[in-house]
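What the coordinates show
These are the residues of each chain, in order.
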Protein chains: 2
Amino acid sequence: MNLYQTYVAKMHKIADVNHAIAVLGWDQEVHLPEKGAHHRAQQIATLAGMVHEMAVSAELEDLLGKLSEDESLTFEQQRNIAETKKHIDRRKKLPVNFVVQLTKAVSATYQAWMKARSANHGEGDFTLFAPQLKQLVDLKREETTCIGYADHPYDALIDEFEPGEKTADLTVLFADVRRQLVDFVKEIHHQPQVEDHWMFEHYDKDRQWHFGLELLKQMGYDFKAGRQDISAHPFTTSFSMHDVRVTTRINEHDLHEMIWGCLHEGGHALYEQGLLPDNYGLPSGSYVSLGIHESQSRLWENNVGRSLPYWKANYAQLQAQFPERLANVPLEAFYKSMNKVNPSLIRTNADELTYHFHILVRFEIEKALIEGSVEVNDLRELWNQKYKEYLDVTVPNDRKGVLQDIHWSHGSFGYFATYSLGSFYAAQFFHQASKDIPYLQTLIEHGNLQPLLQWLRTNIHQYGQLYPAEELCKRITGEKLNFKYFMEYARQKYSFIYNLR
Amino acid sequence: MNLYQTYVAKMHKIADVNHAIAVLGWDQEVHLPEKGAHHRAQQIATLAGMVHEMAVSAELEDLLGKLSEDESLTFEQQRNIAETKKHIDRRKKLPVNFVVQLTKAVSATYQAWMKARSANHGEGDFTLFAPQLKQLVDLKREETTCIGYADHPYDALIDEFEPGEKTADLTVLFADVRRQLVDFVKEIHHQPQVEDHWMFEHYDKDRQWHFGLELLKQMGYDFKAGRQDISAHPFTTSFSMHDVRVTTRINEHDLHEMIWGCLHEGGHALYEQGLLPDNYGLPSGSYVSLGIHESQSRLWENNVGRSLPYWKANYAQLQAQFPERLANVPLEAFYKSMNKVNPSLIRTNADELTYHFHILVRFEIEKALIEGSVEVNDLRELWNQKYKEYLDVTVPNDRKGVLQDIHWSHGSFGYFATYSLGSFYAAQFFHQASKDIPYLQTLIEHGNLQPLLQWLRTNIHQYGQLYPAEELCKRITGEKLNFKYFMEYARQKYSFIYNLR
């Protein structure tokens, strides 16, 4: 074995254990009997500890050092070495004691969050969460010092989820969101609201389930390399490109959850199934960033799955499944109802446009917290004020407000922005795909989604981390992420739906 | 942390990884999409390698050395150290190169077995299996030399599955089986056969499934610490005493498979759920031997589950589920039909009595192979001849003969005997339980199985490996394993069923 092969073998071993953790995590969400939770958490922690030991081992460091200077490596091999080194250097910057302290703080903060949410007769009480959150924010600020940064401390945290993305760029991006999207949504709100009551009538669970499976098949999700199950919170997980699993949730009184949940998770899964088997365990066999991952889920969920052509192909089938609900709802009315814009309190229920105001609130708050310009104790007030300003809604209690998301209790600061990045990348990619694929709309109208999937495979999936997000975007579209594609998409689509101009 | 606590922490870590392997294995049998098999096998192999590294590490050896001489330890602590040491010493006796060679040979032999089974238009062809099997038998004989033995090389292999059991004792035991049980079955076969055609009529899958769940609940299987799923081959697996899972198989045209499969796996699972949480990862928190494990499954399957009192409690419920099949079948006829004795070709379909002839054949063959008194090339002839002699059946082809079991292709020599040991221990334990628990038959007739479960918990489950099998048996019943209890049970039960004397 040459040095590079030795490196690959070590990476395979690390990947095997990471995927074992993923299996244990999947089982935990889908099947775990209630008494099994304690030992399961311990088993995952043990495996995670072993991954850490392997990742920071002196042999691997030595190997990476030598391979970094080996000019005979191919471009792809060099990229793998560089990305692995970057990942491990980041790990090593956090002292073991600090990681232990952080892990304990996360656990305590999560417990406090759970308790605070159900306090006050289920309306939530932020003051029960604040002390733990404050301690965790302090540790995350300490983490930015350990990791280091050139411009802004928040950069050090964003980098974990969206490598290369900067606070400065996101600030410009979200200023655009605030300026352009807030105004556009106000325009929409001067128009008569679309009808959507049929979405909340009764839809049988089994029939929903089978319809969802058909949608996944039509997308090209490979059921020989994956499966769908039910879980409380839908997610996608991968144990290799040959075993990528999705979960869904079915609400018999809200058709949105299953349909667009399936398309969303299906989009994530197609990315994972499209990574190349030869690159198993290597950066070239892993997704680029959370933003790019989310671009795949959003593209299928929104750009495809909430489009008129897509439902020209699929609506008759849905009507046939639920004639008593939808036989008298025309296609165009159904299309408008799935795209109803309605500012609301809860991020995960938000429509495609106002969703980004929820992210805007969180981005501004996180940035301020990490740079130290606001205090945890002021969060509730700040949250409620921003929701009034951007979404024009009044937050009635903490559970529907500042306590609604799990992310902060997990110490995930820098994560939320990737949701918006995903939508914006999706719009830009879909715009390009529409130029590259002749008659894309017509193909979609006929239920032929394979040319689009092939385009994504060719332009995105196959590369893994071969190119960083910004470069990947440039290679595909000729420019880096540009918010105008999302705004163009939004204006065109919603002008029709809301009869603007 | 004192030395013993350090030992416990290391054992926890090993157990966590072993249980992760078990989760991956369970998922493989229950859920794995077909393309996922290759990476899953690799992931399991990686984790197994890590367990091996931890088990044979110098630190653990050093720790065990010191603790072996620590006289301040409690009896239980001393037992844990002694059993761990024994287990690890066995591991260390096999050179790494030998283990690699053995693993490869097992893989090749398994492939050859699969191929040989489907050869000859599905009738099987032993000659395609023989060369690989010969190589594997040679390696297993080499293994006996590495492990070492006092009396018989086969002892070294048996010890892996049934610690402390000896070839000499098993030879005496199976001589009893041959002498007493073969004659008794001949007596039975002079009597008119019992009727059982209703067992093979159509029984709806869903209704069988729900009936099986009720049986598991009634036994005391804790669904908050486990679950049942469907798999091709039923099994029980444990991820901790708080997550012990069973699987079953439903045949719509054979009622036996689901009902007595559930009771069998349920019996295994009750043992695992009955180990003490404080002993997680330690010998005192693990089963004694495969024979004792099988005693639990057989006791519930046969001594309880094929008894008249048990069906006095449950038959009305079964009839209510399947009135069109069983409304006109009286309880006594149903009871006799589930206990029909009928020598046949396939071990896994055998009745409670002739089952042991199948094991007798395999025991005699394995013993001869390992001591070198027969050759692999003679196996087919030997097999067919013994089936004629003990079961009076003619083997029509290799698939229904010498190729029927997976065990040899896995290199599991010394395993089969534990199935018979399980039944014989079960008879002896149940005999004792009937003396210890007032009105046991009446309790069972009323569907109250909890006193019996409590007796098993108190006398067997809670101890884990605190006492070796023979000693455990003596503590419970006052004597070591004695075949007479099984023969008494058999004579009494089957004299009634077949109107003997």
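Residues numbered from 1 in each chain as written. Chains lettered and ligands numbered in written order. Predicted model: local features only at pLDDT ≥ 70, side-chain atom pairs only at ≥ 80, totals over all residues. Heavy atoms only, no water.

Looking at the confidence of the model for chain A
Per-residue confidence for chain A averages 96 on the pLDDT scale, and 100% of its residues sit at or above 70. Interface confidence in the predicted complex, given as ipTM, is 0.92; pTM for the same model is 0.93. (pLDDT = per-residue confidence, 0-100.)

A look at the interface of chain B and chain A
Across the contact, 36 residues belong to chain B and 36 residues belong to chain A. Note that Arg40(A) is salt-bridged to Asp243(B), the shortest N-O span being 3.6 Å. Across the chain B-chain A interface, the total number found is 21 residue pairs in polar contact (both at pLDDT 80 or more). Where the side of chain B that touches chain A is concerned, the elements lending two or more residues are α1 (3-30) and α2 (37-55) of chain B. Here the residues of the side of chain B that touches chain A are counted per class, giving 14 nonpolar, 10 polar and 12 charged. (Contact = heavy atoms within 4.5 Å. Salt bridge = Lys/Arg side-chain N within 4 Å of Asp/Glu carboxyl O. Polar contact = N/O pair within 3.5 Å; in protein donor to acceptor, adjacent residues only side chain to side chain. Helix = DSSP H or I, 4+ residues; strand = E, 2+ residues; numbered from the N terminus. Nonpolar A, V, L, I, M, F, W, Y, C, P; charged D, E, K, R; others polar.)

Points about the packing of helix α9 (residues 205-219) of chain A against helix α10 (residues 255-273) of chain A
Residue and element names in this part refer to chain A. In contact at an axis separation of 10 Å, α9 and α10 are set at 30° when each is read in the N-to-C sense. Here α10 runs roughly parallel to α9, going by the angle between their axes. Between α9 and α10 lies a crossing of right-handed hand. The residues of α10 that touch α9, namely those facing Gln-208, Phe-211, Gly-212, Leu-215, Leu-216 and Met-219, are Leu-255, Met-258, Ile-259, Cys-262, Leu-263, Gly-266, Gly-267 and Leu-270. (Axes fitted to C-alpha atoms, helices over the stretch in contact; angles between N-to-C directions. Parallel < 35°, antiparallel > 145°, perpendicular 65-115°, else oblique. Left-handed = near helix turned anticlockwise from the far one by under 90°.)

With respect to the side chain of Asp196(A)
All names here are of chain A. Within the fold, Asp-196 resides in the loop between α8 (167-189) and α9. Engagement of the side chain of Asp-196 in a polar contact is seen with the side chain of Lys-340, the distance being 3.2 Å. What Asp-196 contacts, discounting residues up to four positions off in sequence, is Ser-337 and Lys-340.

Looking at the sheet that holds strand β3 (residues 244-248) of chain B
Strands pair in a sheet through their backbones, by hydrogen bonds, and they do so in one of two ways: parallel or antiparallel. Residue and element names in this part refer to chain B. Judged by pairing direction, the sheet is mixed, and its 3 strands sit side by side in the order β1-β3-β2 without closing on themselves. Either end of the sheet is taken by a strand with one partner, and the two such strands are β1 (228-230) and β2 (236-238). On average, each strand axis in the sheet is tilted by 25° relative to the strand beside it, whichever way the strands run. Judged from the 3 bridges that link them, β2 and β3 form a sheet pairing that is antiparallel. (Pairing = 2+ DSSP bridges.)

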